[in-house]
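Survey of secondary and tertiary structure
Each chain, letter by letter, is given below.
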Amino acid sequence: MVRVINNRVIFIDEIDRSLHTNLTRKFLELFYKLTEDDTSQIIATTHDSNLLDLDLVRQDEIWFVKRGGDHSSNLYSLNRYKERYDKKIDKEYLLGRYDAVPVFDDGLLEDINE
């Protein structure tokens, strides 16, 4: 039997590191199931856009970090965008809708390839 300790906050940096997307998703689903009657929570960072799924997490649980030109970071919630609950967040994220994707200097890349 699994024993869960109530009222905990678990921090995981890069929850997807060295794990397949499906395994990370199952881990989160299991955590949600084991903690549905208490106030424990996970705060995790990830680069896996497949986890941006409104069937897995709520809009208010998804936060983005945008890096500024001065190397500062701006943190903001998906709630800012008031998305529909059936929206494919991962696809919109990769297209740049939420303004938190890397910006590439194509000119610099061309200079490197010459």
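Described in the following lines is the structure provided in the data block.

Turning our eyes to something else, we now look at the overall build of the chain. Looking only at helices and strands, the chain features three helices and four strands. Listed N to C, the secondary structure of the chain is β-α-β-β-β-α-α in terms of helices and strands. Looking at the chain as a whole, 26% of its 114 residues qualify as buried. Taking as baseline every contact in the chain between residues at least 6 positions apart, the subset at least 24 positions apart corresponds to 56%. Accessible area of the chain: about 9100 Å², with a carbon and sulfur share of 51%.

Turning to helix α1 (residues 21-34), a few remarks are in order. Across its 14 residues, α1 extends 20 Å between first and last C-alpha, which sits within 8% of the 20 Å expected from 1.5 Å per residue. Those residues of α1 that are buried lie in contact with β1 (9-12) and β2 (41-44).

A separate point is a nonpolar patch on the surface. A surface patch of nonpolar side chains, amounting to about 300 Å² of accessible area, comprises V9, F11 and I43. Note that V9 resides in strand β1. Residue V9 is classed as partly exposed on the basis of its relative accessible area of 41%.

Under the definition given, this model contains six aromatic pairs. On the numbers, 5.1 Å between centres and 10° between planes, the contact of F64 with Y98 is stacked. Here Y98 lies in the loop between α2 (89-94) and α3 (106-113) and F64 lies in strand β3 (residues 63-67), a separation of 34 residues in the sequence. Arranged with centres 5.0 Å apart and planes meeting at 75°, the rings of Y81 and Y98 form a pair that is edge-to-face. Separated by 17 residues along the polypeptide, Y81 in the loop between β4 (73-77) and α2 and Y98 in the loop between α2 and α3 bring together distant segments of the chain. In terms of burial, Y81 and Y98 fall into one category: buried. Sitting over the ring of Y76, R80 keeps its end group 4.2 Å from the ring centre.

A separate point is the pairing of β4. One ladder, built from five bridges, connects β3 with β4; its direction is antiparallel. Residue pairing in the sheet places V65 in a bridge with L75 of β4.

Evaluation of the coordinates by the stated rule reveals nine salt bridges. Notably, a salt bridge pairs R25 with E29, separated by 3.4 Å at the nearest N-O pair. Of this pair, R25 and E29 both sit in helix α1, four residues apart, which is roughly one turn of the helix. Given a relative accessible area of 30%, E29 falls into the partly exposed group. What you see here is one network of salt bridges that share partners, running through R25, K26, E29 and D53.

Calculation notes
- Residues numbered from 1 in each chain as written.
- Predicted model: local features only at pLDDT ≥ 70, side-chain atom pairs only at ≥ 80, totals over all residues.
- Heavy atoms only, no water.
- Helix = DSSP H or I, 4+ residues; strand = E, 2+ residues; numbered from the N terminus.
- Buried < 20%, exposed > 50% of the residue type's maximum accessible area, 1.4 Å probe, protein only.
- Contact = heavy atoms within 4.5 Å.
- Areas by Shrake-Rupley, 256 points an atom, 1.4 Å probe, with all protein chains shown as cover.
- Expected span 1.5 Å × (residues − 1).
- Patch = residues over 30% accessible without salt bridge, like charges linked within 9 Å, V, L, I, M, F, W, Y side chains within 5 Å.
- Salt bridge = Lys/Arg side-chain N within 4 Å of Asp/Glu carboxyl O.
- Phe/Tyr/Trp six-rings, centres within 6.5 Å; stacked < 30°, edge-to-face > 60°.
- Lys NZ or Arg CZ within 6 Å of the ring centre and 35° of its normal.
- Pairing = 2+ DSSP bridges.

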